[in-house]
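What follows is each chain in one-letter form.
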There are 2 protein chains.
Amino acid sequence: MAAREERRSFWTWGYVSDEPTETQRREAALRVSARLGREVHVPPIPAIEDITLEKSRIEIPSRLSGFVRADRADRLTHTYGGHRTELLAALRGEFRNPPDAVAHPRTESELESVLEWCDANRHTVVPYGGGTSVVWGVKVPDATDGAVTIDLDNLNAVCEIDDVSRAGKFQAGILGPDLEAPLRPRGLTLRHFPQSFPWSTVGGWVATRSGGHYATNHTHIDDFVESTRMLTPAGWMETRRLPGSGAGPSPDRLVIGSEGALGIITECWLRLQKRPTFRANAGVRFSDWHTGCDAVRAIVQAKLWPANLRILDPAEAGANAGLDGETALLIIGFESADIPQGEYLKHAVTIARDHGGLVDDDELLIDDGDGQAGRRGGAVGAWRNAFIGVNAGLTNGLGLMSDTFETAITWDRWQEFDSTVRARMRRVLDEVLGDGAFLSCRFTHVYPDGPAPYYTFNGAAQPGAENEQWQTIKDEALAAVVDAGGTVTHHHAVGRMHRPAWDRQRPELFGEALKAVKRRLDPNGILNPGVLVDAG
Amino acid sequence: MAAREERRSFWTWGYVSDEPTETQRREAALRVSARLGREVHVPPIPAIEDITLEKSRIEIPSRLSGFVRADRADRLTHTYGGHRTELLAALRGEFRNPPDAVAHPRTESELESVLEWCDANRHTVVPYGGGTSVVWGVKVPDATDGAVTIDLDNLNAVCEIDDVSRAGKFQAGILGPDLEAPLRPRGLTLRHFPQSFPWSTVGGWVATRSGGHYATNHTHIDDFVESTRMLTPAGWMETRRLPGSGAGPSPDRLVIGSEGALGIITECWLRLQKRPTFRANAGVRFSDWHTGCDAVRAIVQAKLWPANLRILDPAEAGANAGLDGETALLIIGFESADIPQGEYLKHAVTIARDHGGLVDDDELLIDDGDGQAGRRGGAVGAWRNAFIGVNAGLTNGLGLMSDTFETAITWDRWQEFDSTVRARMRRVLDEVLGDGAFLSCRFTHVYPDGPAPYYTFNGAAQPGAENEQWQTIKDEALAAVVDAGGTVTHHHAVGRMHRPAWDRQRPELFGEALKAVKRRLDPNGILNPGVLVDAG
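Residues numbered from 1 in each chain as written. Chains lettered and ligands numbered in written order. Predicted model: local features only at pLDDT ≥ 70, side-chain atom pairs only at ≥ 80, totals over all residues. Heavy atoms only, no water.

Before going further, it helps to examine the state of the cysteines. Residue and element names in this part refer to chain B. According to the stated counting rule, one finds 0 disulfides over all chains in the structure shown. Between C441, a cysteine without a disulfide, and C293, which holds the nearest cysteine sulfur, the sulfur-to-sulfur distance is 7.2 Å. On the accessibility criterion, C441 (0% relative accessible area) is buried. (Disulfide = S-S within 2.5 Å. Buried < 20%, exposed > 50% of the residue type's maximum accessible area, 1.4 Å probe, protein only.)

Encoded structure:
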């Protein structure tokens, strides 16, 4: 497949073409000024040529020079992933620990060559998909004498589409839209839409266990993986393409979530869907957050398996769906390629109403193929636009500290979990950001045995102290989540950011087991050190 | 919890109380005589006291003697699992490689003591749940100087039931019926009913990735595991109870399917269901097997997620559901605790009819809480009774060679897979068992991307040569399945029986990775050697 045409922005989450204009940034600055109660100014974006970059410590052998380069712009755009701490540093022209070289292998054989070279020379390798990691998953670690980022952007083919089994084989470097494009005329779709969808890759999704479109039943990319192919310093590991198996521990489940620490994923067979034509949606209002959560529990436990089942707490619904700030909003959505969905929606709405939810009959949008449910107006439409329109660049550098954290917890512990996490967050936000910090919660995915809550916070940062402030808040968020029994991440991955908390969460012996695997597959410990496990 | 009251039969799959009577065996012999066209006689069942057993090679320290014994009957009933090769040997009084001692720890601390003792003395350990393995998973291997079978029968408590999240924590040694009993009054159920259900345990299900009640969507026990607790020679490994997580490779997925080679599972949190009250069932007839399979594909790809979606080929439907031997039977069943299921069934039946399936409207049994779908008459009821009434003891020793093998394959390859497997099987069956051998196929589980076919064969064995004959047929079955792209097992596990074929199926480096894990968790390689991976 042709190389990607769009160039990644070095200071915002997306492409250069996604970067906000100067005018948009100024308008954002006015809004942020009002929000923070102090005047903020749009900082200038440094010119790439003005940025100081450490000299590359690596000499690239001529046999690799066709696809491994120490090109300045390339090193620069591969220094950071997409977390706000990284984007802020980039905006300020601070590029610590850039990769010494960036490889763009065009074939598996070129990938083998560059990995062998790195292994022989003990160069650190950072596997790189779309660079959208929000957990410091593609940063070069401090302790290395030389690092090569291996960008899979040229390994981005659609290898095969199997219409009968509804599955497709894709190279790992393919981006979301490029994967969907050839499926559309065949009436198929993967329907895995993480927020990073336009810029992230199949390999990245599988390596990080990304969460997608479906709020229930099949939530993670894990559920769509039929087989994987991965190159490790010890050789290739390719699993058999199977709809199901009971033969020993699943090899795919070792690859899924390995975050570039065990190998470089090059291909995956993924399960596809027929494009939905029947849809049914509704937004249900609740005067009380936990009553709304109870309704979610009842709906998911009824196993109706809606594609969408996401509730926003009053703060979130106020900020992003135009509600009054006192009302929670539950978004219910069903879809199917074969079966009208109106009855399913009515069952779910009946359950929601039994729990005190408010929705008028004419707010039930039922589309039996005529496009009705497409017109998502009102609160549901507003929320959808807020989610899709995410652009971390717009407020970058404006002094607004803003971040999210996500987890999962069983229903029996949920209410207490939420209270504890909010109380601890409120305390640290007040302490670090002062009064008026914003804190909200929504569910991104729900299971019969528990929700996956997603918290958002923001407030006024102290210019120059943003990183320390952020770290204090993040430490408290992770501690609150892990202490209260949650997971450090439901779908953002561990990376380097969540690593210390993950070390607390996972069984000690599982860490040891992973280490043993890493020593076997990556004996020199060159692969993405710092994420997941140490080689040691 | 109290120790189990029922005693395992040493020559049939089940308890002593499940053993067929002499009269039943004689009646079976008459039927088998007719089937094989030669007179067969019911062999006598040896008296336990007449069976020769090698002397135990192990001295049990007095501190362990309260729960570790070299009791003769105990060693004998723990020599074999439930495969027909094993049951036939047992019936003949041949007990090769009995365990030298059997442990029945009553607490985790007793389990620790016996495992430490075995590890220190390099005694082979065979973890043992219900002893129903059909893949030689609980046999003592040849190459050992002393083996201790650790039976989890006394670790069989219901630890906790969480009605809110619908989950329960169970000790690994609990049997199916003992798990279900306390759930019933609470309106809950696990609804995991492998054919071994009355005699198998939670620990066994998780260790072997057993397949259960649901034919679609959530098929393996894997899908119901919330967390696991496992003792290894290197210590305890307990995972966090979570409804979902994206934090690194899943630790539970390493435990699930580990077949006693990495540790001894002691506890699991499992997801539970509300007991269904709404049901809808139908049996649909197809004049052609592969047309029926296409209907199954269309139904499962419509994502209606029926609890039952199992098709029997004409041979299977003729032998076990009373059909004419020319007609395939598709059994469709929906169930729910909350939502009437009639409409779902009608959608599925419409799809089936679109594919040429025949079923009268009055054959649709729809139960909206009034018990209608309970009366499963006709072909569907006949098939259900044949499945539930399995008793490997009835024909044990009558000269009928009979076995099954199961796999999974994607839809695009299914027809060719089926043709190839049948052709190879037909050839080897003709060669080994002579004319008239029976071969049938059904689907036990189906996925949007492929079915899990289950083949049954039987025919006239040559008395005295049964094992060699069986091995020849089994080798061919495994080769056919693996050559044609399937998995060596969908839900029977690898054990020692499927091990050589699994070594061909799984990626070489995954085998290496598992070995590395085993070396870390079980450095002396004492745990269930021969299954899954070698310690080496």
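All names here are of chain B. One open sheet accounts for 4 strands, arranged β1-β2-β4-β3; its pairing is mixed. The open sheet has two free edges, formed respectively by β1 (68-69) and β3 (124-128), since each of these has just one partner strand. Taken together, the 5 bridges between β3 and strand β4 (residues 147-151) define a ladder with parallel strand orientation. Considered in β4, the bridge of V125 is made with V148. Each of β1, β2 (101-103), β3 and β4 is contacted by helix α4 (residues 108-121), which is oriented at about 165° to β4, the strand it contacts most. (Pairing = 2+ DSSP bridges. Helix = DSSP H or I, 4+ residues; strand = E, 2+ residues; numbered from the N terminus. Contact = heavy atoms within 4.5 Å. Axes fitted to C-alpha atoms, helices over the stretch in contact; angles between N-to-C directions.)

Okay, the pattern of salt bridges next. Going through the model one piece at a time under the given rule, you end up with 68 salt bridges over all chains. For A:D503, the salt bridge is made with A:R499, and the minimal N-O distance between the two is 3.0 Å. One end of the pair is A:D503 and the other is A:R499, both in helix α14 (residues 499-505) and 4 residues apart, which spans about a single turn. Between A:R520 and B:E512 there is a salt bridge; the shortest N-O distance is 3.0 Å. Of this pair, A:R520 sits in helix α15 (residues 508-521) while B:E512 sits in helix α15 (residues 508-521), each in a different chain. A cluster of three or more residues bridged by salt bridges with shared partners is formed by A:R499, A:D503, A:R506, A:E508 and A:D534. (Salt bridge = Lys/Arg side-chain N within 4 Å of Asp/Glu carboxyl O.)

Our focus in this paragraph is the sheet that holds strand β4 (residues 147-151) of chain A. Whether parallel or antiparallel, the strands of a sheet pair through hydrogen bonds between backbone atoms. Residues and elements named next belong to chain A. With mixed pairing, 4 strands are arranged side by side in an open sheet as β1-β2-β4-β3. Each having just a single partner strand, β1 (68-69) and β3 (124-128) make up the two edges of the open sheet. Strands β1, β2 (101-103), β3 and β4 of the sheet are contacted by helix α4 (residues 108-121), whose axis makes an angle of about 165° with β4.

This next bit is on the side chain of A:S402. All names here are of chain A. Tracing the backbone through its elements, the reader meets S402 in strand β16 (residues 400-406). In this structure S402 comes out as buried when scored by relative accessible area, which is 14%. Residues in contact with S402, not counting those within four places in the same chain, are R84, F457 and N458.

A few words on the relation of the copies chain A and chain B. Once chain A has been moved 0.0 Å along the axis and rotated by 180°, it coincides with chain B to within an RMSD of 0.0 Å. Taken together, these values place the two copies in the relation of a two-fold axis. No C-alpha of chain A approaches the rotation axis more nearly than that of A:A516, which lies at 2.7 Å. (Least-squares fit on C-alpha atoms with pLDDT ≥ 70 in both.)

As enumerated under the stated definition, the model contains 9 cavities of 30 Å³ or more in all. Contributing elements (two or more residues each) for the lining of the second largest cavity: β11 (273-274) and β14 (328-336) of chain A together with β11 (273-274) and β14 (328-336) of chain B. Of the residues contributing to the lining of the second largest cavity, the split by class is 24 nonpolar, 14 polar and 12 charged. (1 Å grid on protein atoms, 1.4 Å probe; cavity = no way out; pocket = protein on both sides within 12 Å on 5 of 7 lines; lining within 4 Å. Points joined across faces, edges and corners; volume = space filled by probe spheres on them. Nonpolar A, V, L, I, M, F, W, Y, C, P; charged D, E, K, R; others polar.)

Moving on: the interface of chain A and chain B. Where the parts come together, the accessible area they lose is often given as the size of the interface. Facing 82 residues of chain A, the contacting portion of chain B comprises 82 residues. Per-element accounting of the side of chain A that touches chain B gives the leading share, 9 residues, to α15(A). Residue classes in the side of chain A that touches chain B are distributed as 38 nonpolar, 26 polar and 18 charged.

Moving on, we get to the environment of A:K346. Residue and element names in this part refer to chain A. Residue placement: K346 occurs in helix α10 (residues 342-354). For K346, a relative accessible area of 39% gives the class partly exposed. Each C-alpha atom of the pair K346 and A282 lies 9.5 Å from the other, and the pair is 64 residues apart in sequence. Leave out the neighbours within four places in its chain, and K346 touches L364 and I366.

In this section: helix α12 (residues 411-433) of chain B. All names here are of chain B. Helix length check: α12, at 23 residues, gives a terminal C-alpha distance of 31 Å against a target of 33 Å (1.5 Å per residue), a fit within 8%. In the structure, α12 departs most strongly from a straight axis at F417, where the bend amounts to approximately 30°. Those residues of α12 not exposed but buried are W411, W414, F417, D418, V421, R424, M425, V428, L429, V432 and L433. Along its buried surface, α12 packs onto α8 (289-301), β16 (400-406), β17 (438-447), β18 (450-460) and α13 (466-483). (Expected span 1.5 Å × (residues − 1). Bend = angle between axes of the 7 residues up to and from the residue.)

These results come straight from atomic positions and should not be treated as a statement about function.
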